[in-house]
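In case you want the letters, here they are:
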Amino acid sequence: MLETFTTMPDSLPPDSVGLVTPQTAHFDTPLELACGRRLEQYSLVYETYGELNADASNAILICHALTGHHHAAGYHAMSDRKPGWWDDYIGPGKPIDTSRFFVIALNNIGGCHGSTGPTSINPETGEQWGPDFPLVTVPDWVESQKRLAESLGITRFAAVVGGSLGGMQALQWVMDHPDRVGHVAIIACTPKLSAQNIAFNEVARQAIRSDPEFHDGWYSRVDAVPKRGLKLARMVGHITYLSEHSMGTKFGRDLRQDRLNFGYDVDFQVESYLRHQGDTFSTAFDANTYLLMTKALDYFDPAATAGDDLSAAMAPISCPVLVVSFTTDWRFAPSRSRELVNAMIHAGKSVSYANIDSPHGHDAFLLPGERYETVLGNFLTRAYDHACGAQATQKPSTKETSHA
Amino acid sequence: MRNDLAQIHDWIPEGARVLDLACGDGTLLASLKETKQVFGYGLEIDPDNISACVARGVNVIEQNVDDGLANFADDTFDRVVMSQALQVLRRPDRALEEMMRVSREAIITFPNFAYWRHRLHLGLKGRMPVSKSLPHAWYDTPNIHLSTFADFERLCRAQGLKIIDRAVGNGDHEPHPAATWWPNLFGEVAIFRVCRDNCPPDQR
């Protein structure tokens, strides 16, 4: 075992949720899907951090993005080199404060990290679902998340939080189940994908589908992996996650060796970086899941069912909303968040909006950022006070206003 | 609460819908929500103020008033408030038009450039006034469109607006007898209540 040769840390950072163990919930109630098909049974793998309080009022749901999963915080083993994907934001004293909240992070249906998805066995055929796994949508995920919450005794979340595709789920939550969410934070999101967004997704899908190892999605039958396709998909995706500025700062035109090679192998550091990102991803992610997740992104369009009137689609929302965007995000640019905010304003909803100055592009929602952490932390403090009946800690002194 | 905010607070009816332009740390809106069941939004561009508003549970939108209010429909609000911000705007006239489009009534505070001390400063010393209400030097002031009460009243007339009420005070917004007698000379700051000329009386 390789791990035994690496130095194991004796302790984990004090603001970490520590060692965590994924759990699995199994559901036998069929899930009717937007595509018209249904899943007779399914499993969801999830992690929780913090303690659920006696009246189950302090729960926060974390919705993951395109390639995310249930391991949002902490470590699975002392030998883990990296914590969960949103560890900077989840932990004691962090914006999603596990000393107050009970945090749930899950892997969505269709995923490839343990929840029922294309790599699961289809009980009807006895083999992997593969490309036959139904296309799931954001509303489908929300319904499955609701059932997971119920299985844990939670009928109302203090808050639902998500970035990017996760933000879409958070938004869907407050449209579908306004009575079950106390506060919602929608980060680096969009009310629907633009033609350009869909175009990038289609390039990624074509990269996968045209890989000879893809075998129309039945690659597992022949023990193949469409690695080249996945690698290309990740490379093109990754470009859209970074800003021109952050790529420029990180790599510029730096060469890997101090000269041009006059060939087609790696000259520039940025090529090397993208290839590395692609290679790592191609062995860690399932191709059918990637296809399915990108389709879920493409299909998300809450206004479509409200006569293309986004503010009409926002009508059911009844809780305070926080929308956050990042200045250099060009995948889901600040203007897309403003569309969402303006639709909510038009619908008369309680909404706040912060456009965080960050050089990191779309990826900024995953990275540390002082202002972002403060705004999200302040909003969730409100969520806690509201949900858990604590006296609001941030009320301005009422004495000062007694003149009125 | 600052004296000007306290006066504004008094002029806003129970249950009103309020837009606060350059809402600062959200003190006014938080208090209005708490004591008068007001629903409102604040516009702000300062990151710390935005965080403070969020902490208070005030709906705050990161938006520069200079970019207009196009995202707010006509007559969305009962009151629009602009406290000590008119003079920092690129086009106060357009801002005023926008304010009166989204709301039946506006409450606006700004410093009076024609205040006697300011006049003395300029007239005798020959230098740009610096005072409690105008604390900056000419080169680093955010106040790029200073005006007098008389100027503002002319702008209101030109835009077909009616001044319903006016509270004139010193730099701390405390009332002063002389300021009531000759506001444009003895008033340092004022809070104006302005409505559209064709605006029906407030039913609240």
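Draft legend 1. Representation of the overall build of chain A within the structure. When its secondary structure is counted, chain A shows 10 helices and 12 strands. For 404 residues, the compact-globule formula gives about 22 Å, and the C-alpha radius of gyration of chain A, at 22 Å, lands near that figure. In chain A, which comprises 404 residues, the share counted as buried stands at 53%. Long-range pairs, those at least 24 residues apart, make up 72% of the contacts in chain A with a sequence separation of at least 6. Carbon together with sulfur atoms contributes 51% to the accessible area of chain A, which is approximately 17500 Å² in total. The averaged location of the 46 negative side-chain charges in chain A is 3 Å from the averaged location of its 32 positive side-chain charges.

Draft legend 2. Molecular detail of the interface of chain A and chain B. Listed per partner, the contact involves 28 residues of chain A and 28 residues of chain B. Across the interface of chain A and chain B, roughly 2300 Å² is buried in total on both sides, 56% from carbon and sulfur atoms. At the boundary of chain A and chain B, one finds 1 salt bridge. In this structure, A:R371 engages B:E62 in a salt bridge whose closest nitrogen and oxygen atoms are separated by 2.6 Å. Within the side of chain A that touches chain B, the residues separate by chemical class into 11 nonpolar, 12 polar and 5 charged.

Draft legend 3. View of the pattern of salt bridges. Residues and elements named next belong to chain A. For the structure on display, the rule yields 23 salt bridges over all chains. Residues K231 and D279 are paired through a salt bridge, measuring 3.3 Å at the closest nitrogen-oxygen approach. Here the residue K231 occupies a position in helix α4 (residues 227-241), and D279 occupies one in helix α6 (residues 269-282), the gap between them amounting to 48 residues. Judged by relative accessible area, which is 21%, K231 ranks as partly exposed. Judged by relative accessible area, D279 falls into the partly exposed class, the value being 39%. Linked by salt bridges that have partners in common, E32, R38 and E40 make up one network.

Draft legend 4. Geometry of a nonpolar patch on the surface. The grouping of B:L122, B:M128, B:W138 and B:Y139 at the surface amounts to a nonpolar patch, some 520 Å² of accessible area in total. Examined against the element boundaries, B:W138 turns out to sit in the loop between α5 (116-125) and α6 (149-158).

Draft legend 5. Region of the structure containing the environment of B:H145. Residue and element names in this part refer to chain B. With respect to the helices and strands, H145 occurs in the loop between α5 and α6. In this structure, the C-alpha to C-alpha distance between H145 and A85, residues 60 residues apart in sequence, is 9.9 Å. Residues in contact with H145, not counting those within four places in the same chain, are Q87, L89, R90, R91 and P92. There is a polar contact of 2.7 Å between the side chain of H145 and the backbone oxygen of L89. A polar contact is formed between the side chain of H145 and the backbone oxygen of R90, at a distance of 3.3 Å.

Draft legend 6. Broad picture of the packing of aromatic side chains. Residue and element names in this part refer to chain B. If you walk through the whole model with that rule in mind, you get 25 aromatic pairs over all chains. Seen from their ring centres, F110 and F152 are 4.9 Å apart, and the 55° between their planes marks the pair as tilted. Taken together, the positions of F110 in strand β5 (residues 105-111) and F152 in helix α6 put the pair 42 residues apart, joining distant regions of the chain. Residue F110 shares its accessibility class with F152, and that shared class is buried.

Draft legend 7. Just the packing of helix α3 (residues 195-209) of chain A against helix α7 (residues 287-299) of chain A, in detail. Residue and element names in this part refer to chain A. Closest axis-to-axis distance for the α3/α7 pair is 10 Å, and the angle between their directions is 160°. Here α3 is positioned roughly antiparallel relative to α7, judged by the angle of their axes. For the pair α3 and α7, the crossing hand works out as left-handed. Here α3 contributes I198, N201, A204, R205, I208 and R209 to the contact with α7, which in turn contributes A287, Y290, L291, T294, K295, L297 and D298. Counted by class, the contact of α3 with α7 contains 7 nonpolar, 2 polar and 4 charged residues.

Draft legend 8. Fine view of the side chain of A:N288. Along the chain, A:N288 turns up in helix α7. Leaving out residues up to four positions away in the same chain, A:N288 has contacts with A:P118, A:G130, A:P131, A:F214, A:G217 and A:Y219.

Draft legend 9. Spotlight on the state of the cysteines. Evaluation of the coordinates by the stated rule reveals 0 disulfides over all chains. A:C63 takes part in no disulfide bond, and the closest cysteine sulfur to it belongs to A:C189, at a distance of 10 Å. Here B:C53 stays unpaired: no disulfide links it, and the sulfur of B:C23, its closest cysteine neighbor, is 3.8 Å away. Judged by relative accessible area, which is 0%, B:C53 ranks as buried.

Draft legend 10. View of helix α10 (residues 370-388) of chain A. All names here are of chain A. With 19 residues, α10 should reach 27 Å at 1.5 Å per residue; the first-to-last C-alpha distance of 26 Å fits that figure. Residues R371, Y372, V375, L376, G377, N378, F379, L380, T381, A383 and D385 constitute the buried set of α10. With its phi angle positive at about 70°, G389 sits one or two positions after the end of α10.

Draft legend 11. Inspection of the confidence of the model for chain B at higher detail. Here chain B averages 90 in pLDDT, while 97% of its residues score no lower than 70. Model confidence for the complex: the whole-complex pTM is 0.93, and ipTM, which rates the interface, is 0.92.

Draft legend 12. Representation of the pairing of strand β4 (residues 79-83) of chain B in the model. Residue and element names in this part refer to chain B. Of all the 5 residues making up β4, 5 are buried; the element is thus mostly covered by neighbouring parts of the structure. What you see with β4 is no split at all: R79, V81 and S83 on one side and V80 and M82 on the other are buried throughout. Looking at chain direction, β4 and β5 are connected through 4 bridges and run parallel. Each bridged residue has a counterpart across the sheet, and for V80 the counterpart in β5 is A106. For the handedness criterion, the β-α-β arrangement of β4, helix α4 (residues 92-102) and β5 is classed as right-handed.

Draft legend 13. Molecular detail of the environment of A:G182. Residues and elements named next belong to chain A. Mapped onto the elements of the fold, G182 is located in the loop between α2 (165-176) and β10 (184-187). It is 32 Å that separates the C-alpha atoms of G182 and I198, two residues lying 16 residues apart in sequence. Every residue in contact with G182, bar those within four places of it in the chain, is listed here: R156, F157, A158, C319, P320 and H386.

Draft legend 14. Main features of unusual backbone geometry. All names here are of chain A. Not every positive phi belongs to a glycine, and H215 is a case in point at roughly 50°. Here H215 shows up in the loop between α3 and α4. Notably, D216 is not glycine yet its phi reads approximately 55°, a positive angle. Inspection of the secondary structure assignment puts D216 in the loop between α3 and α4.

What counts as what
- Residues numbered from 1 in each chain as written.
- Chains lettered and ligands numbered in written order.
- Predicted model: local features only at pLDDT ≥ 70, side-chain atom pairs only at ≥ 80, totals over all residues.
- Heavy atoms only, no water.
- Helix = DSSP H or I, 4+ residues; strand = E, 2+ residues; numbered from the N terminus.
- Rg over C-alpha atoms; globule rule 2.2 N^0.38 Å.
- Buried < 20%, exposed > 50% of the residue type's maximum accessible area, 1.4 Å probe, protein only.
- Contact = heavy atoms within 4.5 Å.
- Areas by Shrake-Rupley, 256 points an atom, 1.4 Å probe, with all protein chains shown as cover.
- Lys, Arg positive; Asp, Glu negative; His and termini not counted.
- Charge placed at Lys NZ, Arg CZ, Asp CG, Glu CD.
- Buried area = accessible area lost by both parts, 1.4 Å probe.
- Salt bridge = Lys/Arg side-chain N within 4 Å of Asp/Glu carboxyl O.
- Nonpolar A, V, L, I, M, F, W, Y, C, P; charged D, E, K, R; others polar.
- Patch = residues over 30% accessible without salt bridge, like charges linked within 9 Å, V, L, I, M, F, W, Y side chains within 5 Å.
- Polar contact = N/O pair within 3.5 Å; in protein donor to acceptor, adjacent residues only side chain to side chain.
- Phe/Tyr/Trp six-rings, centres within 6.5 Å; stacked < 30°, edge-to-face > 60°.
- Axes fitted to C-alpha atoms, helices over the stretch in contact; angles between N-to-C directions.
- Parallel < 35°, antiparallel > 145°, perpendicular 65-115°, else oblique.
- Left-handed = near helix turned anticlockwise from the far one by under 90°.
- Disulfide = S-S within 2.5 Å.
- Expected span 1.5 Å × (residues − 1).
- pLDDT = per-residue confidence, 0-100.
- Pairing = 2+ DSSP bridges.
- Right-handed = clockwise from strand over helix to strand, strands pointing away.

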